[in-house]
Amino acid sequence: MSLYLEQIRQLVQLQGVDDEIHAVEQELSKAPQTVERLTAEFAAAEAEKAKCDDKMTLLLEQDKRVALEIEEDDARIHKSKSKLMQVANSREYQAMAREMDSMEKNIHTREEERARIKEAIKSHTEDVEAANQTWETLKQALEEARASLDARMAEARAKLEVLEQRRAHAGSEIPRPVLERYEFIRRRLAHPVIVPVHDGICDGCHIAIPPQAFIDLQSGQKILNCPNCQRLIYWSEHFSGNTGSTAPDAADA
Ligand SMILES: [Zn+2]
């Protein structure tokens, strides 16, 4: 294998390790998203639950107040009834009877109010149950997501450590100036660093290489950059059966 092809092979191999590192880093950056989303949803569910509970407290207080008022009115009527027995003249009797009549109407109004409150409590009970159910479900989902996130993060970090070792090993084979070119691009450009050129098109930016550059690339004399995206490029035909940037087989090994 020519020196050129050997260096391309080494760089592509290094890129293969970097592909894996890139995937793990993506995983690490995306992993907390589920927990973040669930945290927000849980906070909203908690606010809704508190609102429902407050409304229920208010309804129960109203019910208690009206029940107490009905009780007081009942007691008053009862007292009036016993007084009525002792009334001497009919004028006084009629006045008291009218008063009792109005008290009974009052009680009737309050009982209607109480029935409305009871109905509201009944229908709100369903809202409270639904809010509690949502709250409970999200609480559990959040706890599970947190636990699995910790596990995933730990696993990803362990994987990274192994990959960094493989990376150091892959890099150690590459001549220093070539490796420095690779690292220079890696620090400045979006993943990946070295890409194949298929049918004159750069795999990194999907733009055609100028004809002369493509001829130079095919001659396989020195490592070229894509004139458009600046990534390192190699001719796909130099490696058989290779369509991507990961670990190609050398055609003329
Ligand atoms: Zn390009």
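With that settled, the discussion passes to the overall build of the protein chain. Secondary structure summary: the protein chain contains five helices and six strands in total. In sequence order, the protein chain lays out its α and β elements as α-α-α-α-β-β-α-β-β-β-β. Taking 2.2 N^0.38 as the reference for a compact globule, 253 residues should give roughly 18 Å; the C-alpha atoms of the protein chain span a radius of gyration of 41 Å, well beyond that estimate. Across its three principal directions, the C-alpha atoms of the protein chain cover 130 × 35 × 30 Å. Taken over 253 residues, the protein chain has a buried fraction of 36%. Nonlocal contacts in the protein chain, meaning residues at least 24 apart in sequence, comprise 72% of its contacts between residues at least 6 apart. If you sum the accessible surface of the protein chain, you get close to 15900 Å²; carbon and sulfur atoms cover 52% of it.

Close contact between helix H1 (residues 3–30) and helix H2 (residues 32–84) brings their axes to 5 Å; oriented N to C, the two are set at 10°. In terms of orientation, H1 lies roughly parallel with respect to H2. Contacts between H1 and H2 involve Leu28, Ser29 and Lys30 from the first element and Pro32, Gln33 and Thr34 from the second.

Here we come to the coordination of the zinc ion. Octahedral metal centres with six donors ideally show angles of 90 or 180 degrees, and tetrahedral centres with four donors ideally show 109.5 degrees. Protein coordination at the zinc ion comes from Cys202 (SG), Cys205 (SG), Cys226 (SG) and Cys229 (SG), with a distance range of 2.3 Å. Because the angles between the four donor atoms bound to the zinc ion fall within 105 to 114°, the donor set is best described as tetrahedral. Coordination of the zinc ion draws on donor residues from a single chain, spaced C-x2-C-x20-C-x2-C in sequence. Note that Cys205 is positioned in the loop between strand S2 (201–202) and helix H5 (211–219) and Cys226 in the loop between strand S3 (224–225) and strand S4 (232–235), a separation of 21 residues in sequence.

What follows is about the domain arrangement of the protein chain. Domain boundaries assigned for the protein chain yield domain 1 (3–24 + 175–250) and domain 2 (31–170). Together domain 1 and domain 2 conceal approximately 830 Å² of surface at their shared face, both sides included; 65% is due to carbon and sulfur atoms. On inspection of domain 1 and its partner domain 2, the count reaches three salt bridges. Between Glu20 and Arg166 there is a salt bridge, with the nearest N and O atoms lying 3.2 Å from each other.

A few words now on the nonpolar core. In this structure, Ile8, Leu11, Ile194, Cys202, Ile209, Leu232 and Ile233 are the most contacted members of the largest nonpolar core, which totals 30 residues. Those elements that provide at least two residues to this core are H1, helix H4 (176–188), strand S1 (194–198), H5 and S4. The next biggest cluster of nonpolar side chains, apart from the first, holds 18 residues, and it includes Ala31, Leu142, Ala156 and Leu163.

Before going further, it helps to spend a moment on the pairing of S4. Sheet analysis places S1 next to S4, joined by four bridges and oriented parallel. Bridge pairing in S4 places Val197 opposite Trp235. Bridging between S3 and S4 involves two bridges; their strand directions are antiparallel. By the bridge assignment for S4, Asn225 is matched with Leu232.

Parameters at a glance
Residues numbered from 1 in each chain as written. Predicted model: local features only at pLDDT ≥ 70, side-chain atom pairs only at ≥ 80, totals over all residues. Heavy atoms only, no water. Helix = DSSP H or I, 4+ residues; strand = E, 2+ residues; numbered from the N terminus. Rg over C-alpha atoms; globule rule 2.2 N^0.38 Å. Buried < 20%, exposed > 50% of the residue type's maximum accessible area, 1.4 Å probe, protein only. Contact = heavy atoms within 4.5 Å. Areas by Shrake-Rupley, 256 points an atom, 1.4 Å probe, with all protein chains shown as cover. Axes fitted to C-alpha atoms, helices over the stretch in contact; angles between N-to-C directions. Parallel < 35°, antiparallel > 145°, perpendicular 65-115°, else oblique. Donors = N, O, S within 2.8 Å, 3.2 Å for Na, K, Ca; no water. Tetrahedral: all angles 85-135°; square planar, octahedral: opposite > 155°, others 65-115°. Domains from an automatic or database assignment. Buried area = accessible area lost by both parts, 1.4 Å probe. Salt bridge = Lys/Arg side-chain N within 4 Å of Asp/Glu carboxyl O. Core = buried A, V, L, I, M, F, W, Y, C linked by side-chain atoms within 4.5 Å. Pairing = 2+ DSSP bridges.

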